Amino acid sequence: TPSSTPSNTPSETPSSTTSSAPSETQNTASAIPSGIPSVTPSGSATLSNSPTHVPSNVAGENDPTVSPSYFPTITATPTPSNTIGTSSPTAKPVSAVPPTIAPTVTPAGAIYYKGFEQGNFPDPPEWTTTNDANASLVWEVTDEFSNSGVYSLRSPVLYNEEGTSAIATATFITDANWPSGQLRFSVLASIQMPLDNFQYFVDGEMRGQEMETSAEFEEMVLLGPGQHTIDFVYNFNPVGMPSDSLPPLEAFPDRVGAVFVDDVYFVPNGTSSTPTGSPILAGPAQSCPAALDRQEVIAEGTTMYYTLVPANPTGSDNGLLCARLEVQGERWVGFGISTDGMMIGSEAVIGRPAEGTVEKYRMDGNSQDGVVSMDEGRQTLTSTSLTQANGVTTLEFAKKLVEPGEIPILEMGENIFLYALGGSNEFGYHAERGSFVVDFDENAAPSPAAFDGSTSIAPTLIPDGAVYYKGFEQGDFPQDYPEWTTSNDGNVDLVWEPTTEEASSGVYSIRSPVLYNEEGTPSSAKATLATNPDWPSGQLLFSVLASIAMPLDNLQYIVDGEIRNQVIVTSSGFEETSIQLSPGQHTIDFVYNFNPTGAPLANLPPPGAFLDRIGAVFIDDVYFVPNVLRSPTRTILNPTISHIDDSTGIPTYIPTTLLPSYFPTVNPTPMGTSKRKGS
């Protein structure tokens, strides 16, 4: 279907108002796209990894055309006719909608579909929009972004220099005759806490929340039979921070400051739009061996023991993954299978001690409602067990490698797996999570075991030109690192420590503690490096994975008591950062802060609001290169770090900081290599 070209320079200006066109049909029964186009927050087109069904815009054509999923799908601008009035002189006008723009097909099995291509918005009583403080700043139809067709629904611009909190809601009231089922919708949330967030509610109960800019994705909420009220809520300054504490708009260059909703449809339970794929050959039943012969240390205190039983004959459905996860602590345990390392769209085996169950689940969304138990016919696990003894939770299961309509587990080649661990036996938001890669090829090298202090697994080469290097691969931290200390004035037990959970190279890094507490009490923990007094001027470089999000937490780099930089949003993986040092000894503090603004607990978002946030910082590969030896080899673009002026201490939030990267011309070669997948 045609899609308008997004603006090249997104700006926080109000979008245009509604359009009027022939009414859009509510009840439908034809077939539609199953994929979601890939989109970047700035509006540039990207190609997805797999084809997406894109409905043809040729009237009368019944079958969708399969084509690669670009955003926009087809670069096409509708011919302007009568221009609709705008809510701002700078807003982009929306043209009247020709009756042929709407997709000619709707999602398979859907009994309701709204793509905002035809008809009026709002359209009470089905669709309404409100803003109690300013009736003119409400949700509107826009052609700025769309998931399909030309139009979507856009939240208003609520930013104001006074920092006054504001809310705008788009409300959808469902048909009272609907049975139970799934309400699906596509969302592009170009937002960033603490400036703004997006929430959706069902009958007054929050079902999901987005706190940071994300690529467009399809979300789903489960509905019981009967009428329901669905609220799509865009909030500006939801924490109520003082205006002088809010970061300026330029701190987040990819943020538009708006939410776009498109392709809202309802599918009753028992209907599926997912193809099941080609038939799989049936093979004789196989069983797991008495002992599992391989292991993967997937996180500190978490080990997976496993054996792969190949399909016999090749291509049949009887191959098995036999697995046992042993986890420190009494908690629920989840093991996932993913195509991209992300939770949404993956499938999982979850052991829930409170219910005494081990079952298969679909991960349809980022809220607890999005963790959906598969139908009884898909509960095919065997040899399941969930036990707890001596402070260890053990989850055991055997899963078929290939099952119809599910993500296959590859006998040869890399598989992306996920893990999630609860904070207790009650199922809820995970306390720990991550991804790891396993290649079941029998010729693949075994995974590195946990470091026991007896064998060197440190890199055999240090960065070129470096006079100091620490990769945290040997000894205990900080006891065996005299130049390093770690402290927490509020709780001496909650300090930085070595971990295998994430690593930039080798197996180990150092990790900040979990400081989250239900009272919301601000807390800080720091790891401190005291440099050698004989060092000349030069660059201190280190790799950082900051899995954090304001206003919950941040990371600061402090040199001799002065803040040099800070990180306030989750990074996609390890990023190398540098600090310029003058000659002589210096004290470098890596400070992880929980609730750094001291916001009241009621104003803090729940940890589960940030899907990709672990609530920790990982530091690895710390080294020093004197200026006289430096030889820059590349430049790193690091948009997530806000700069703080050395003389004034005032944040300037530079959105794109170019950091010279004096990375080794010969990379360190670990004797033991981590198989973790960067998050």
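Rules behind the numbers
- Residues numbered from 1 in each chain as written.
- Predicted model: local features only at pLDDT ≥ 70, side-chain atom pairs only at ≥ 80, totals over all residues.
- Heavy atoms only, no water.
- Helix = DSSP H or I, 4+ residues; strand = E, 2+ residues; numbered from the N terminus.
- Buried < 20%, exposed > 50% of the residue type's maximum accessible area, 1.4 Å probe, protein only.
- Contact = heavy atoms within 4.5 Å.
- Areas by Shrake-Rupley, 256 points an atom, 1.4 Å probe, with all protein chains shown as cover.
- Pairing = 2+ DSSP bridges.
- Axes fitted to C-alpha atoms, helices over the stretch in contact; angles between N-to-C directions.
- Salt bridge = Lys/Arg side-chain N within 4 Å of Asp/Glu carboxyl O.
- Core = buried A, V, L, I, M, F, W, Y, C linked by side-chain atoms within 4.5 Å.
- pLDDT = per-residue confidence, 0-100.

Visitor: Mind laying out the overall build of the protein, listing which residues take part and the relevant values?
Guide: The secondary structure content of the protein amounts to 0 helices and 38 strands. Going through the 679 residues of the protein one by one, you find that 54% of them count as buried. Look at the contacts in the protein between residues 6 or more apart in sequence, and 72% of them connect residues 24 or more apart. By element, 52% of the accessible surface of the protein is carried by carbon and sulfur atoms, the whole surface being about 28000 Å².

Visitor: Describe the environment of Ser582, naming the residues involved and giving the relevant values.
Guide: Mapped onto the elements, Ser582 comes out in the loop between strand S33 (575-581) and strand S34 (587-594). Given a relative accessible area of 37%, Ser582 falls into the partly exposed group. On a C-alpha basis, the gap between Ser582 and Pro536 in space is 6.8 Å, while along the polypeptide they are 46 residues apart. Among all residues touching Ser582, those that are not within four sequence positions of it are Pro536 and Ser537.

Visitor: Go over the sheet that holds strand S23 (residues 414-422) with me, naming the residues and quoting the values.
Guide: Taking strand neighbours across the sheet as the criterion, the 6 strands line up as S20-S19-S18-S17-S23-S24 in an open arrangement whose pairing is antiparallel. Of all the strands in the sheet, just strand S20 (371-373) and strand S24 (430-439) have a single pairing partner and so form its edges. On average, each strand axis in the sheet is inclined to that of its neighbour by 30 degrees, with strand direction left out of account. Of the pairings in the sheet, the one linking S23 to S24 comprises 9 bridges and is antiparallel in character. Residue pairing across strands places Ile416 opposite Val437, the latter belonging to S24.

Visitor: Which residues make up the pattern of salt bridges, and what are the values?
Guide: Per the counting criterion, the structure on display carries 14 salt bridges. The shortest N-O distance in the salt bridge between Arg378 and Glu406 comes to 3.5 Å. You can see Arg378 sitting in the loop between S20 and strand S21 (382-389) and its partner Glu406 sitting in the loop between strand S22 (392-400) and S23, a full 28 residues away along the chain. Using a relative accessible area of 29% as the deciding quantity, one classes Arg378 as partly exposed. Using a relative accessible area of 10% as the deciding quantity, one classes Glu406 as buried. The residue Glu501 makes a salt bridge to Arg511 at a minimum N-O spacing of 3.0 Å. With Glu501 in the loop between strand S27 (497-499) and strand S28 (509-511) and Arg511 in strand S28, this residue pair connects regions lying 10 residues apart in the sequence. Comparing Glu501 with Arg511, the two get one shared label, buried. Shared partners join several salt bridges into a network, and the residues in it are Lys360, Arg378, Lys399, Glu403 and Glu406.

Visitor: Describe the nonpolar core, with residues and values.
Guide: One finds Trp139, Phe232, Trp484 and Trp496 to be the most contacted residues of the largest nonpolar core, which totals 80 residues. If you look at the next biggest cluster of nonpolar residues, it comprises 26 residues, including Ala299, Met304, Val349 and Ile407.

Visitor: Describe the confidence of the model for the protein, with residues and values.
Guide: It should be kept in mind that the predicted coordinates are not to be read in detail where pLDDT is low. Scored by pLDDT, the protein comes out at a mean of 74, with 70% of its residues at no less than 70. pLDDT under 50 marks residues 1-11. Its contacts with residues more than four places away, or in other chains, come to 44 contacts. Ignoring residues within four places in sequence, the model shows residues 272-278, a span with pLDDT below 50, making 5 contacts including any to other chains.

Visitor: Break down the environment of Gly329 for me, citing the residues and quoting the values.
Guide: For Gly329, the position within the fold is in the loop between strand S16 (320-328) and strand S17 (333-338). Judged by relative accessible area, Gly329 falls into the partly exposed class, the value being 24%. The spacing of Gly329 and Gly422 is 93 residues in sequence and 9.5 Å in space, taken between C-alpha atoms. Ignoring any residue separated from it by four or fewer positions in sequence, one finds Gly329 in contact with Gly391, Val392 and Thr393.

Visitor: Give a description of unusual backbone geometry that names residues and reports values.
Guide: A cis amide bond links Asn312 with the next residue in sequence, Pro313, at an omega value of 5 degrees. Looking at the element boundaries, Pro313 is found in the loop between strand S15 (302-309) and S16. Note the cis peptide between Met550 and Pro551, where omega equals 5 degrees. Turning to its location among the elements, Pro551 is positioned in the loop between strand S30 (538-547) and strand S31 (553-559).

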